[in-house]
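# Understanding the architecture of this molecule
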Amino acid sequence: MTALLGCIADDFTGGTDLAGMLVKAGMRTVQLIGVPDGPPPDDVDAVVIALKSRTNPVKDAVAESLAALHWLREAGCRQFYFKYCSTFDSTPHGNIGPVTEALMKALEIDFTIACPAFPANGRTLYKGHLFVGDLLLSESSMRNHPLTAMTDANLVRVLQQQVRSKVGLVDYETVSKGDAAIRERFDALHQQGYGLAIVDALSNANLDAIGSACADLPLVTGGSGVALGLPQNFRRSGLLADNAVADALPKTGGLRAVISGSCSVATQKQVEVMSASFSSFSIDPMRLARGEDLVAAALDWASERIAQEPVLIYATATPDTVKQVQADLGVAQAGSLVENALAEIARGLVRLGVGQMLVAGGETSGAVVKRLGVKGLRIGPEIDPGVPWTSTLHKDDTQPLALALKSGNFGSEDFFLKAWEKLQ
Ligand code: ADP
């Protein structure tokens, strides 16, 4: 059995978002961190290769994306998906347009679509204009983004500036008529010499119709929303089972730990709730900066109690405390001191026998995954929206580790307490 859908995501959390979506739509999915050297894992329907190419120089983003495409083709995938942010995050030079055109050239095709719409998260597209909630993209906070400022909401215009092909529009009037009308419009645009089409969408029903109309496109590009409609195509053609369980994970035993490097509001509450009933150990960046070995101290502390109960090790602090630390140490220095310590603690905890770990914080998760040498994750059941349990992929027989990587503001107050129940 080979994978059906091969996806290339331009950043890690975007990849997780897409992978979670595909699992919910019934495809067994793994997320790989960068382009792997080995062959693909067995028994998967979709593979997401997560790159870190969103703000790279165009040349690098194109080269990495082509390497990912090559690997996915070798893995037998029959349709490809380029995933970018639902706010179409790109620099003035790209990378969405140039990467899309490079993938099209490699696949020897001359038409595809671009649809970042994700109505469930307030990203809608009307007459080619992208809205973030009630605001045009160019009036949303994205206009001030430090790396990918979006100052024009007209995506036909934005994409046209990044590509050589002509960019057209499949507008809402057509989309609302359903998949046959959308497909007709694709054909008409293609015949008129358009290479790319922005596609309007205001609802999940629109995304389903667009997904269905994309059944025969070798390459689809968009946010994670449009991917929702693709699994049904494979099902219709008998390639994907109707009622298959897509979120099963291998059993992972072992001890339990929570590592938190996020200072977001939601995480602060989650740390408070867990600390009320479980032992916790706080990492103070000022003590790290003074050279104290808090990694060894935390691991000694954990080794005495972890056999009895889950432990929580956190750097999470209030905005005032964080500001003070950043003023004293510098933002980047404070961040990397804490990330390094938490990543090293994660490695120590695995050596102590931890088999199930929650990590809070996007950057923190990146540091932990890197330190643990994780190359890929199989996506399992969702704990809260946007946060699935995953299990690490291993080439050899070592026991996989169950990992849940939580972005700062995700998850309910009792997230650190209830997450374990989903692992049975
Ligand atoms: P989030 O997903 O909430 O943004 P991240 O892990 O991405 O969380 O980012 C939080 C950053 O703050 C990390 O670089 C982390 O090392 C740093 N950090 C965590 N605790 C503290 C602290 N007490 N003081 C200063 N920086 C901290």
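If you're wondering where the values come from, they're calculated on a predicted model, not measured in any experiment. Along each chain, the written sequence defines residue order, and numbers are assigned to residues from 1. Residues qualify for local features only when their pLDDT is at least 70, as the model is predicted, and side-chain atom pairs are given and counted only at 80 or more; totals for whole chains, interfaces and linings, by contrast, use all residues. Working from all heavy atoms in the structure, the side-chain values ignore hydrogens and water.

Helix and strand definitions here come from DSSP, where helices need a minimum of 4 consecutive H or I residues and strands a minimum of 2 consecutive E residues; each element is numbered from the N-terminal end. What a helix is expected to span follows from its residue count: subtract one and scale by 1.5 Å. For helix α6 (residues 179–191), built from 13 residues, the straight-helix expectation of 18 Å at 1.5 Å per residue is met to within 8% by its first-to-last C-alpha distance of 18 Å. Residues of α6 that are buried: A181, I182, F186 and L189. The arc that holds every buried residue of α6, seen down its axis, measures 145°, which confines them to one face. The outward face of α6, more than 90 degrees from its buried face, is lined by the exposed residues A180, E184 and Q191. Think of it in three bands: residues with accessible area under 20% of the maximum for their type are buried, residues over 50% are exposed, and the middle band is partly exposed, with areas taken using a 1.4 Å probe on protein chains only. Here the arc refers to the set of directions running from the helix axis out to each C-beta atom.

A word on the environment of P400. Note on placement: P400 falls in the loop between β17 (387–392) and β18 (402–406). C-alpha separation for the pair P400 and D110, spaced 290 residues apart in sequence, amounts to 42 Å. Residue contacts are counted whenever heavy atoms from the two residues lie within 4.5 Å of one another. Apart from the residues lying within four places of it in its own chain, the contact partners of P400 are P250, T252, S391, T392 and H394.

Right, let's talk about the site of the ligand for a bit. Nearness is judged by heavy atoms alone; a residue qualifies as near a molecule or strand once a single heavy atom is within 4 Å of it. As a matter of local geometry, the ligand sits amid 18 residues, with S262, S264, E339, E363 and T364 nearest to it. Contact distances for the ligand include 2.9 Å between an oxygen atom and a backbone N or O atom of G362. Contributions of two or more residues to the shell around the ligand are made by α12 (319–329), α13 (331–351) and α14 (362–371). In terms of residue class, the shell around the ligand is made up of 7 nonpolar, 9 polar and 2 charged. Side-chain atoms alone can form a polar contact between residues adjacent in sequence; in general such a contact is a pair of N or O atoms within 3.5 Å, and within protein one must be able to donate a hydrogen while the other accepts it. Gly falls in the polar group here, along with every residue not listed as nonpolar (Ala, Val, Leu, Ile, Met, Phe, Trp, Tyr, Cys, Pro) or charged (Asp, Glu, Lys, Arg).

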